[in-house]
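Spelled out, the chains give:
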Amino acid sequence: MQGNPIKKSPCESCGACCAFFRVSFPTAETNDFPGGLVPVDMTLFSDKTHRCMKGTQTTSPRCIALEGDVGFHVRCRIYENRPSTCRNFNMSWENNIGNRLCDRARIIFGLQAFSRY
Ligand code: SF4
Ligand code: SF4
């Protein structure tokens, strides 16, 4: 399946957050629940009330939905149906608000941080 860009550039050439953090979200967001969107077969139970994207629970995380090479060109295979955690994760300074987690993930992959803290 051809995916869509994770976000508008520069996220399209990054993807660090999808390969660094555990991506967990409320269980009801999976598509085995009414109104749920996230493909349940791409997830694992995280705890009683949350699931996580497969691949992000490991010590070397990489989301199962991530395509491409981090730091070069990436796509999210489930962009339209991604979890709220991803929808709410903003690129640092995208809306004039810093996101230390975005910057941290980028630094880990040798990418320039947007930091202006
Ligand atoms: S780490 Fe930041 S810049 Fe990179 S994909 Fe995630 S939100 Fe976008
Ligand atoms: S679902 Fe998509 S946006 Fe969310 S972590 Fe996975 S690849 Fe990234």
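Scroll up to find the structure this text is about.
Reading guide: rules and limits
- Residues numbered from 1 in each chain as written.
- Chains lettered and ligands numbered in written order.
- Predicted model: local features only at pLDDT ≥ 70, side-chain atom pairs only at ≥ 80, totals over all residues.
- Pairing = 2+ DSSP bridges.
- Helix = DSSP H or I, 4+ residues; strand = E, 2+ residues; numbered from the N terminus.
- Axes fitted to C-alpha atoms, helices over the stretch in contact; angles between N-to-C directions.
- Near = placed C-beta within 6 Å.
- Nonpolar A, V, L, I, M, F, W, Y, C, P; charged D, E, K, R; others polar.

S.K.: So what exactly am I meant to see when it comes to the sheet that holds strand E1 (residues 24-26) here?
M.R.: Where strands meet in a sheet, backbone hydrogen bonds hold them as pairs that are either parallel or antiparallel. Here we have three strands laid out as an open sheet, ordered E1-E3-E2, and antiparallel in their pairing. Both outer strands of the open sheet, E1 and strand E2 (43-45), are each paired with one neighbouring strand and no more. For this sheet the average axis-to-axis angle between neighbouring strands, irrespective of direction, equals 40°. Across three bridges, the pairing between E1 and strand E3 (residues 50-53) is antiparallel. Looking across to E3, one finds that proline 26 is bridged to histidine 50.

S.K.: Please clarify how the site of ligand 2 should be interpreted in this entry.
M.R.: The environment of ligand 2 is made up of eleven residues, and the closest members are Cys18, Cys63, Leu66, Cys76 and Cys86. When the residues that make up the shell around ligand 2 are grouped by side-chain class, the tally is ten nonpolar, no polar and one charged.

S.K.: Help me understand the site of ligand 1, please; the structure alone is not making it clear to me.
M.R.: Neighbouring residues of ligand 1: 13 residues in total, closest Cys11, Cys14, Ala16, Cys17 and Cys102. For the shell around ligand 1, the per-class residue count stands at ten nonpolar, one polar and two charged.

S.K.: Would you take a moment to explain the pairing of strand E4 (residues 66-69) for this structure?
M.R.: On a regular strand, each side chain points to the face opposite its neighbour's, so the side chains alternate between the two faces of the sheet. Relative to strand E5 (residues 73-76), E4 runs antiparallel, the two being bridged by four bridges. Its bridge partner lying in E5, glutamate 67 is registered against arginine 75. Hairpin connection between E4 and E5: a loop of three residues separates the two successive antiparallel strands, and glycine 71 in this loop has a positive phi of roughly 90°.

S.K.: Looking at this model, I keep getting lost on the pairing of E3. Mind explaining?
M.R.: Examined bridge by bridge, E2 and E3 share three bridges and lie antiparallel to one another. Opposite leucine 44, over in E3, you have cysteine 52 as the bridge partner. Linking E2 back to E3 in an antiparallel pair, the connection comprises four residues.

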